Amino acid sequence: MNSEVLIYTDDNGEIDLTVSLENDTVWLNQKQMVELFGRDKSVISRHIKNIFKDTELDENSVVAKNATTASDGKVYIVEYYNLDMIISLGYRVNSKRATEFRKWATKILKEYMIKGYVLNQKKIKDTNLQELTSTIELIKNSLAHKTIQNDEAKGLFDIINNYAKSWSLLQSYDEDSLESRQSTATQKFTLNYNDVKKAINQLKTELIKKGEATQLFGNEKNNELEGIIGNIYQTFGGDDLIPSVEEKAGNLLYYVIKDHPFSDGNKRIGSFLFILFLSKNNILYKANAELRINDNALVSLALLTASSDPKQKELMVKLVVNLLSEDEL
C-alpha cells in the first residue's frame, strides 16, 4: 500500500488523513476509518459486517490484506477497504464527520459526473462535426469531378439543407438541450428475396413499357442480391448486427448501388428497394406527412453513393441515417 497519497480535510480542518491509492482506488484500514468518521471501532466493525450481510458489497472485491510491521517489530496482517466500502460506510455512519464526508463525496462525485459528461459531449460533438465535414467534402469532390451534374443541384441542396441539421445538433450540445435521437428498432417488414425479385420484375415491366429500360435491366448476377439481403439481416448471438431500420435501409441502398448485383439498373433498383423498405416499415414519411427523403435528394444520394470511395461506406450509411432521422432533432 506504499503509493501516492491524498490528504482529506473536513471543513473545520479537523481531519488530516493519509489515504493509500492503489489499483485506481482508495484504501483505508479500520483505524483510519475510525479517524475519518469519528466513531469508535465497534461501530465501524458493525457497519462493515452489515454491509457484507446485506450483500451490498462483495468482501472479496473490497478487502485487501497487507502485512504491516508495528513499532514493536512484529508483523501484522491489516485489512484495507477500498473506496466502495468507504463510501458505503460514509452513508451509514451517523456522525458530524460522516455528514461532512457525505457532502464532500457528493460534491466530488457530482463534479466528476459533470466533467465526464462535458468531456463525453465534446467527444460526440467533435465526432458529429467531423462527420458533417466529411459529408460536405464528399459532395464537393463529386461536384468537382462532375460526377453529379448541374441539373441534380436541387437534390444536393436538399441533402445539404437537411443534413445541416447537424449544426443544430451541435448547438443543442452547447445549450444542454439535446434530446436523444430515436432510431426505429422494431421492424414491421422483412425483405424476402423472392418477393423482392417479383417487385423488381414488376418495376422492369413498367419501365420497359415507358421505354426507360431494356431487357438487361434487373438481370441478377450470381444471386448477388440474395447475398446482400442476407448481409442486411446478419445476426450474432441472436442480435442483429445492423440493429435499426434506418441503418438497414442505408446499408441496403449502399450495397445494391456499390456491389452492382445487376447487369443494368443498379442505382434505380437500389433507390426503388430503399423506398420500398422504408414504406413497408412505415418510416417513409415524417410526422407532418412530408417525405423524409424527396425524389431530388434520393437521386443525388444514389449518385453520391455511386461516386463515393469504398472507404466512405460508413459515412454514407451515417448520412442516410441522419437524413432519415432529421425530424427527430
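A brief structural summary. Just so we're clear, the structure is a prediction, and the values are computed from it rather than from any experiment. (Residues numbered from 1 in each chain as written. Predicted model: local features only at pLDDT ≥ 70, side-chain atom pairs only at ≥ 80, totals over all residues. Heavy atoms only, no water.)

1. Overview of the packing of helix H8 (residues 193-209) against helix H9 (residues 224-232)
Note the threshold: Only the stretch in contact is used when fitting a helix axis, every axis being a line fitted to C-alpha atoms; angles between N-to-C directions are given from 0 to 180 degrees. Helix and strand definitions follow DSSP, with helices as H or I runs of at least four residues and strands as E runs of at least two, each counted in order from the N terminus. Under this scheme an angle from 65 to 115 degrees is roughly perpendicular, one under 35 degrees roughly parallel, and one over 145 degrees roughly antiparallel; angles in between are oblique. Left-handed describes a crossing whose near helix is turned anticlockwise from the far helix by less than a right angle; the clockwise case is right-handed. Two residues qualify as a contact provided that any one of their heavy atoms is within 4.5 Å of a heavy atom in the partner residue. Note that Gly is not counted as nonpolar here; it falls among the polar residues with everything else outside the nonpolar set of Ala, Val, Leu, Ile, Met, Phe, Trp, Tyr, Cys and Pro and the charged set of Asp, Glu, Lys and Arg.
Following both chains from N to C, one finds H8 and H9 inclined at 125°, their axes separated by 10 Å at the closest point. By the angle class used here, H8 and H9 are oblique. Handedness of the crossing formed by H8 with H9: right-handed. Here H8 contributes Tyr193, Val196, Lys197 and Ile200 to the contact with H9, which in turn contributes Leu225, Glu226 and Ile229. Within the contact of H8 with H9, the residues separate by chemical class into five nonpolar, no polar and two charged.

2. A few points about the environment of Asn281
How we decide: The buried label applies to any residue whose accessible area, calculated with a 1.4 Å probe on protein chains only, is under 20% of its type's maximum; exposed applies above 50%, and partly exposed to all values in between.
Counting through the fold element by element, Asn281 comes out in the loop between helix H11 (266-280) and helix H12 (295-307). Accessibility expressed as a relative area gives 1% for Asn281, which makes it buried. In the structure, Asn281 is positioned 93 residues away from Lys188 in sequence and 5.0 Å away in space, judged by C-alpha atoms.

3. Some remarks on the environment of Phe217
The topology assignment puts Phe217 in the loop between H8 and H9. Classification of Phe217 as buried rests on a relative accessible area of 0%. On a C-alpha basis, the gap between Phe217 and Asn266 in space is 8.5 Å, while along the polypeptide they are 49 residues apart.

4. Quick notes on the packing of aromatic side chains
The cut-off we apply is this: The rule is short: rings of Phe, Tyr and Trp, with Trp giving its six-membered ring, pair when the centres are within 6.5 Å, and they are stacked under 30 degrees, edge-to-face over 60, tilted in between.
Enumeration according to the criterion identifies one aromatic pair in this entry. Seen from their ring centres, Tyr254 and Tyr255 are 6.1 Å apart, and the 75° between their planes marks the pair as edge-to-face. Each of the two residues, Tyr254 as well as Tyr255, counts as buried.

5. Side note on the pattern of salt bridges
This is how it is decided: Just to be clear on terms, a salt bridge is a Lys or Arg side-chain nitrogen sitting within 4 Å of an Asp or Glu carboxyl oxygen.
Taken as a whole and judged by the stated rule, the model has seven salt bridges. Its salt-bridge partner being Glu290, residue Lys286 comes within 3.7 Å of it at the nearest N-O pair. The class for Lys286 is buried, based on a relative accessible area of 11%. Each of Asp54, Glu56 and Arg92 takes part in salt bridges that share partners, so that together they form one network.

6. Regarding the packing of H9 against helix H10 (residues 245-259)
It is at 10 Å that the axes of H9 and H10 come closest, and there the two elements cross at 155°. Here H9 is positioned roughly antiparallel relative to H10, judged by the angle of their axes. H9 and H10 meet at a crossing whose hand is right-handed. Listed contacts from H10 to Glu224, Leu225, Ile228, Asn231 and Ile232 of H9 are Lys248, Asn251, Leu252, Tyr255, Val256 and Asp259.

7. What to know about the side chain of Asn29
Condition: In protein, a polar contact requires one atom able to donate a hydrogen and another able to accept it; more generally it is a pair of N or O atoms within 3.5 Å, and residues adjacent in sequence count only if both atoms are side-chain atoms.
Mapped onto the fold, Asn29 is located in strand S3 (residues 25-29). Residue class for Asn29 comes out buried when judged on its relative accessible area of 12%. At 3.1 Å, the side chain of Asn29 and the backbone nitrogen of Lys31 are in polar contact. Contacts of Asn29, omitting those with residues within four sequence positions, involve Val78, Glu79 and Tyr80.

8. Observations concerning the pairing of strand S4 (residues 63-69)
To be explicit about the condition: At least two DSSP bridges between two strands are needed for those strands to be called paired.
In this sheet, strand S5 (residues 75-81) lies alongside S4 in antiparallel orientation, the contact comprising seven bridges. Across the sheet, the residue bridging to Thr68 is Tyr76, located in S5. Turn length for the S4-S5 hairpin, with the two strands adjacent in sequence and antiparallel, is five residues, and the turn residue Gly73 shows positive phi of about 90°.

9. Concerning the environment of Leu319
Its place among the elements puts Leu319 in helix H13 (residues 313-324). Classification of Leu319 as buried rests on a relative accessible area of 1%. Taking the C-alpha atoms as reference points, Leu319 and Leu301, 18 residues apart in sequence, are found 9.0 Å from one another.

Geometric values such as these leave the question of function open.
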